[in-house]
Amino acid sequence: MLIAIVPACGGGDSQAERAADPISWGACKDLVRPDGQPPASADPAQQCATLPVPLDYAKPDGEKLDVAIIRVRATGRQRLGSLVFNFGGPGASGVDTLAQAAKSFGELNARYDLVSFDPRGVERSAGVKCGTGADMDAYTSLDTLPADAATRARTEAANKKFAALCQQDSGKVLPYVGTVNAARDMDRLRDALGDAKLNYFGMSYGTQLGAVYATLFPELSGRLVLDAPLDPSVSFEQRTLVQTAGFQKAYESFLADCVKQGCELGATAKVANRKVEALMEKLITQPLTVDGRKLTQGLAATGVAAALYSEYSWPLLEEALKMAMDGDGSALLYLADSYIGRQEDGSYNTQMSSFPAITCVDSAERPDAATLLRTEEAALKISPLFGGAGAGAICSVWPVPGSDQARHVDATGSGPILVVAGKGDPATPYEWGPKLTAQLKTAVLLTYEGEGHGAYVSGDECVRSAVNAYLLDGKVPAAGTSCPA
């Protein structure tokens, strides 16, 4: 463990050191929608602020980093305190996401102030940047096929260039953006909000952040919901193979549903898949031009993956694929841009740069060439469309070392934690739910039998009722509880 990079949880977590000044709330002035544009009008219920935290927790009185935060005040009188959200990534802006999604949590907002933040290294909180928009375009448009030595060489060179740009533009914060430090920031936030314990709703990567918080601060952990859980203990290779299988399963579910509804891509799932594969192969040598840009095979695959996060996107995916087969790549490119954080003006949010920065600091792994090749070959056997070497490839050339502290979680001493896992989740496959539950030791697993990334946001009434009952009334579901699709 590299203490100077991610300090160990010892005396540095004392209550005295965590004490934070009260937050000075004001109007939110720089919110953006997913397309990069500001909201049509300001919402007076939303308030924003910054919270200064140590850049390096080993030097608590040293240089500070400002964490951007947002709050939506409770609408009812029986207020329970604050409910802090992390919506995933790592790299998603909690400030912008909560501003857009607050109404989806209306029942919880009746009794909680809804609070979120841009974690360190994300957007307004010293967001990691890696070159210009043109640099990001070149990086995100890389093809993943054909799986040969030339493609691997191009990918390796691009990863090295990208990592060097990250060091050039954000080298000062790169060593300090990991999940352990973000969890310490979250405890500073809890203290500044005036809450005796942290009540928390984490989704996707947010489940790892919540699990790490409960490990560092079990006695300060209140009601924690971890939806679409990660297994923090897995290696890069294991994560890549499990996620590849998850996306392939979701893709096959999409094709089956498409055929059931009368699919424009083909009369059978097999025929539809062959047409998609033919499209991807064609894009390798003949990318589609869209307003002066190119829809490459790599961007097209990203667009497909983006639409698999929710069943609600499946009709759009069908249309986008059919349009591309007919020579119009605009819809697939739109889906890809929404995933990689590219704005209409060619700029990028920090999603694509924050993700590797946090992921690589959260692991001491630096896979060698043989491991990356083995991972890629195994992943491509699972899915030619989604297979690849995974995050291990960029971390193998990352400019700062990492620590495994965020991979070891144990919430012994906390109250009961609710883990919610979906059987059809492509990004955080179901098997990670029972594993995280077991590692935490104080958690209970709620299973959702349906599709999509995140059970609560699927709209399933059984899931929402169980989660709301836990957060509002402290009612923990019985072990083994399952919600049908």
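Computed from a prediction, not measured in an experiment: that's the story for all the values here.

The rules behind these values
Residues numbered from 1 in each chain as written. Predicted model: local features only at pLDDT ≥ 70, side-chain atom pairs only at ≥ 80, totals over all residues. Heavy atoms only, no water. Axes fitted to C-alpha atoms, helices over the stretch in contact; angles between N-to-C directions. Helix = DSSP H or I, 4+ residues; strand = E, 2+ residues; numbered from the N terminus. Parallel < 35°, antiparallel > 145°, perpendicular 65-115°, else oblique. Left-handed = near helix turned anticlockwise from the far one by under 90°. Contact = heavy atoms within 4.5 Å. pLDDT = per-residue confidence, 0-100. Pairing = 2+ DSSP bridges. Expected span 1.5 Å × (residues − 1). Buried < 20%, exposed > 50% of the residue type's maximum accessible area, 1.4 Å probe, protein only. Arc of directions from axis to C-beta. Lys, Arg positive; Asp, Glu negative; His and termini not counted. Salt bridge = Lys/Arg side-chain N within 4 Å of Asp/Glu carboxyl O. Polar contact = N/O pair within 3.5 Å; in protein donor to acceptor, adjacent residues only side chain to side chain. Right-handed = clockwise from strand over helix to strand, strands pointing away.

**Notes on the packing of helix α8 (residues 236-260) against helix α14 (residues 369-382)**
Here comes step 1: Contact geometry for α8 and α14: axes closest at 9 Å, N-to-C directions at 15 degrees. By the angle between their directions, the pair α8 and α14 is classed as roughly parallel. Seen from above, α8 lies across α14 with right-handed handedness. Mapping the contact onto sequence places Glu 237, Thr 240, Leu 241, Thr 244, Ala 245 and Gln 248 in α8 and Thr 371, Arg 374, Thr 375, Ala 378, Ala 379 and Ile 382 in α14.

**Quick notes on the confidence of the model for the chain**
Do not read the predicted coordinates in detail wherever pLDDT is low.
Here comes step 1: A residue-level look at the chain finds 96% of positions with pLDDT of 70 or above and a mean pLDDT of 93.
Here comes step 2: A low-confidence stretch, residues 1-18 stays under pLDDT 50, and its non-local contacts, those more than four residues away or across chains, total 47 contacts.

**Observations concerning the sheet that holds strand β6 (residues 198-203)**
Here comes step 1: With mixed pairing, ten strands are arranged side by side in an open sheet as β1-β2-β3-β5-β4-β6-β7-β10-β11-β12. Bordering the open sheet on either side are β1 (26-27) and β12 (482-483), each of which pairs with just one other strand.
Here comes step 2: Against the sheet, helix α6 (residues 179-193) contacts β2 (46-54), β3 (64-72), β4 (81-86), β5 (112-117) and β6, and its axis sits at roughly 125 degrees relative to β2.
Here comes step 3: Most of the contacts of helix α16 (residues 432-440) go to strand β11 (residues 443-451), to which it runs at about 170 degrees, and overall it touches β7 (221-227), β10 (417-424) and β11.

**With respect to α14**
Here comes step 1: Here α14 is 14 residues long and its end C-alpha atoms lie 20 Å apart, about the 20 Å a rise of 1.5 Å per residue gives.
Here comes step 2: All buried positions along α14 are accounted for by Leu 372, Thr 375, Glu 376, Ala 379 and Leu 380. Seen from one end, α14 has its buried residues packed into an arc of 125 degrees, which puts them on one side. Exposed residues lying more than 90 degrees from the buried face of α14 are Ala 370 and Lys 381.

**Comments concerning the side chain of Asp 56**
Here comes step 1: For Asp 56, the location among the structural elements is in the loop between β2 and β3.
Here comes step 2: Buried within the structure, Asp 56 lacks any salt-bridge partner; Lys 59 is the closest side chain of opposite charge, at an N-O distance of 4.6 Å.
Here comes step 3: Only 2.9 Å separates the side chain of Asp 56 from the backbone nitrogen of Ala 58, close enough to count as a polar contact.

**Quick look at the environment of Ala 364**
Here comes step 1: Looking at the element boundaries, Ala 364 is found in the loop between α13 (351-361) and α14.
Here comes step 2: Residue Ala 364 is classed as partly exposed on the basis of its relative accessible area, which comes to 41%.
Here comes step 3: The spatial distance from the C-alpha of Ala 364 to the C-alpha of Lys 475 is 38 Å, given a sequence separation of 111 residues.
Here comes step 4: Beyond its immediate stretch of four places on either side in the chain, Ala 364 contacts Gly 402, Ser 403 and Asp 404.

**Topic: the pairing of β10**
Looking along a regular strand, one sees side chains alternate from face to face of the sheet.
Here comes step 1: When you tally the buried positions in β10, you get seven out of eight residues, the bulk of the element.
Here comes step 2: Of the strand pairs in this sheet, β7 and β10 are connected by three bridges, and their pairing is parallel. The residue of β10 that forms the bridge with Asp 227 is Val 420.
Here comes step 3: Here seven bridges tie β10 to β11, and the two strands are oriented parallel to one another. Bridging from a neighbouring strand, Val 420 pairs with Leu 446 of β11.
Here comes step 4: Handedness of the β-α-β unit built from β10, α16 and β11 comes out right-handed.

**Observations concerning the pairing of β5**
Here comes step 1: Taking burial as the measure, the six residues of β5 include six buried ones, the bulk of the element.
Here comes step 2: The alternating pattern of β5 places Tyr 112, Leu 114 and Ser 116 and Asp 113, Val 115 and Phe 117 on opposite faces, both of which are buried.
Here comes step 3: Sheet analysis places β3 next to β5, joined by four bridges and oriented antiparallel. When the bridges of β5 are listed, Arg 71 appears paired with Val 115.

**Quick word on the side chain of Asn 199**
Here comes step 1: Note on placement: Asn 199 falls in strand β6.
Here comes step 2: Among the polar contacts listed, one links the side chain of Asn 199 to the backbone nitrogen of Arg 223, at a separation of 2.9 Å.
Here comes step 3: For Asn 199, the residues in contact, after removing those within four places along its chain, are Ser 82, Leu 83, Val 84, Tyr 112, Gly 222 and Arg 223.

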